[in-house]
Amino acid sequence: MGVAPRRFQILALSGGGYRGLFGAEFLAACEAHFQAKCAERFDIIAGTSIGALLAAGLSVGVPAQTLAAAMKEYGPSIFAKGPATGIRRLFVSAPYSPAPIREAVRKTLGKSVATMPLNEFPAPLLITAVNYSTSETTIFRSKGLAGRAASSASVEDAILASAAAPTFFPTKKIAANEYIDGGLVANAPDMIALTDGLNLSGARIDEIYQLSIGTASRRQGAAVHETSRAPGSISWIARRGLIQTIMAAQEHLALSQVQGLLRTRLERVDEEPAQHQVKAIKSLDRASAEATETLRLLAEKAWEARKSSRELRNFFLR
């Protein structure tokens, strides 16, 4: 009898603010149905922004259902809006404080895990960010992934750095450097995770299977016009969602590259909202009851469409 081929499994979680609830709900359905935790099934768990928080929790065995509940509990305080939120975002300063995110991280992961340096963190975890001080991509890696080359930053600091979305949150200072959202370069951390699987974990390309989870975002872009358009800086940010467009474009590129390498061994889960659902989750900082219900429905739709697929089942049943 021949030896069964090895499966080196990667879970990659995209950024998207409160829309990350989509992924948490979908994975909660997976864990409940297959009776298996993500920590027991994936050799690398990677995340960007809200995906970084989910990745950290899942990597240490926090149930996806617990992470979904935490998002619903803390989302409204993380994105607490006031009369001047829009004005502050455009002209004054980042409108949201990172303090509620830190509280959510500590309450969800436990303070001892949240404050643990990544070079002591045993699970294979990868978190993306941008070093604003040096204009370089930063990949925070755990001891369980990178060994002696692991990052010295704490788990919570890496998450806060990855989630520091420009125009939403202030930069995150770690030691002498300031960091911003990893979504600017790796909103879908899939290609980085795949590269680490090859270079750090020694997996062969034909052994790697990747489950990639999106955030139910609507495709960005505008209708084609006869003449080119020239919006000003405020218009780009306020009306055209420049930051979200950058993230969506990067995500598309990364997924195209990984798809070209892994082909059928990449399983991408996402669910674009219908036209009538767009308004509720249009921006990554909408954490209303309507947004929560919309994301739950989209996750349910994605689950119903995939729950019987062999490709999904194989990630959770070994």
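Owing to the predicted nature of the structure, the values given are computational and were not obtained by experimental measurement.

What counts and what doesn't
Each residue is numbered by its place in its chain's sequence as written, counting from 1. With the structure being a predicted model, the display of local features is reserved for residues of pLDDT at least 70 and the display and counting of side-chain atom pairs for 80 or more, all residues being used for whole-chain, interface and lining totals. Note that the side-chain values use all heavy atoms of the structure and ignore hydrogens as well as water. Secondary structure counts use DSSP, requiring at least four H or I residues in a row for a helix and at least two E residues in a row for a strand, with both numbered from the N terminus. The buried label applies to any residue whose accessible area, calculated with a 1.4 Å probe on protein chains only, is under 20% of its type's maximum; exposed applies above 50%, and partly exposed to all values in between. The method behind every accessible area is Shrake-Rupley, applied with a 1.4 Å probe, and residues are considered shielded solely by the protein chains displayed. Contacts are assigned to residue pairs with any non-hydrogen atoms lying within 4.5 Å of each other. A pair is scored as a salt bridge if a Lys or Arg side-chain nitrogen falls within 4 Å of a carboxyl oxygen belonging to Asp or Glu. Within 6.5 Å between ring centres, the rings of Phe, Tyr and Trp (the latter by its six-membered ring) count as paired, and their orientation is classed by plane angle as stacked under 30 degrees, edge-to-face over 60, tilted in between. Think of a nonpolar core as a cluster: buried Ala, Val, Leu, Ile, Met, Phe, Trp, Tyr and Cys residues, connected wherever their side-chain atoms sit within 4.5 Å. In this analysis, the expected span of each helix is defined as 1.5 Å times one less than the number of residues it contains. UniProt positions are given in the numbering used here, feature names are shortened, and annotations may be inferred rather than shown by experiment. We treat Lys and Arg as the positive residues and Asp and Glu as the negative residues; His and chain ends play no part in the count.

### Topic: the overall build of the protein
- A tally of regular secondary structure across the protein gives 15 helices and 8 strands.
- Per-residue burial over the protein gives 53% buried out of 318 residues.
- Working note: accessible area of the protein is about 14,700 Å², and carbon and sulfur atoms make up 53% of it.

### What to know about unusual backbone geometry
- Phi is positive for Gln-35, which is not a glycine, with a value near 55 degrees.
- Mapped onto the fold, Gln-35 is located in the loop between α1 (21–34) and α2 (38–41).
- Its relative accessible area of 73% is what places Gln-35 among the exposed residues.
- The phi angle at Ser-135 is positive, at roughly 60 degrees, despite the residue not being glycine.
- With respect to the element layout, Ser-135 can be found in the loop between β3 (125–131) and β4 (136–141).

### Here we look at the side chain of Ser-151
- Structurally, Ser-151 is set in the loop between α8 (143–146) and α9 (155–162).
- Apart from residues lying up to four places away in sequence, Ser-151 is in contact with Leu-118, Asn-119, Ile-139, Phe-140 and Arg-141.

### As for the pattern of salt bridges
- A complete count under the given rule lists 17 salt bridges for this structure.
- Notably, a salt bridge pairs Asp-157 with Lys-172, separated by 3.2 Å at the nearest N-O pair. Taken together, the residues span a long stretch of sequence, with Asp-157 in helix α9 and Lys-172 in strand β5 (residues 172–174) at a distance of 15 residues.
- What makes Asp-157 buried here is its relative accessible area of 17%.

### Structural notes on the packing of aromatic side chains
- For the structure shown, the criterion picks out 9 aromatic pairs.
- Ring centres of Phe-34 and Trp-303 lie 6.0 Å apart, and the angle between their planes is 80 degrees; this geometry places the pair in the edge-to-face category. In this pair, Phe-34 is assigned in helix α1 and Trp-303 in helix α14 (residues 289–306), connecting sequence segments 269 residues apart.
- Classification of Phe-34 as buried rests on a relative accessible area of 8%.

### Comments concerning the environment of Thr-138
- Summarising the element assignment, Thr-138 is placed in strand β4.
- For Thr-138 and Ile-127, which are 11 residues apart along the polypeptide, the C-alpha to C-alpha distance reads 8.5 Å.

### Things to note about the nonpolar core
- One finds Leu-11, Leu-27, Phe-140, Leu-211 and Phe-316 to be the most contacted residues of the largest nonpolar core, which totals 72 residues.
- When residues of this core are assigned to their parent elements, the largest contribution, 8 residues, is made by α1.
- Judged by nonpolar contacts, the second largest core, of 16 residues, contains Leu-126, Ala-186, Leu-194 and Ile-208.

### Structural notes on α1
- The end-to-end C-alpha distance of α1 is 20 Å, a good match for the 20 Å that 14 residues give at a rise of 1.5 Å each.
- With respect to burial, α1 is a largely interior element, 11 of its 14 residues being buried.
- Looking only at α1, the buried set comprises Leu-21, Phe-22, Gly-23, Ala-24, Glu-25, Phe-26, Leu-27, Ala-28, Cys-30, Glu-31 and Phe-34.
- Where α1 ends, the next residue or the one after it, Gln-35, has phi of about 55 degrees, a positive value.

### Looking at the UniProt feature "short sequence motif: GXGXXG" (unreviewed entry) in the protein
- According to UniProt, the "short sequence motif: GXGXXG" (unreviewed entry) feature falls on residues 15–20.
- Between the first and last C-alpha atoms of residues 15–20 the distance is 7 Å; the span itself is 0% helix and 0% strand.

### A closer look at the side chain of Glu-267
- Following the sequence through the fold, Glu-267 ends up in strand β8 (residues 266–269).
- Comment: no salt bridge for buried Glu-267; closest opposite-charge side chain is Arg-306, at 4.4 Å.
- In contact with Glu-267, other than residues within four places in its own chain, are Gln-210, Leu-211, Ser-212, Arg-306, Glu-311 and Phe-315.

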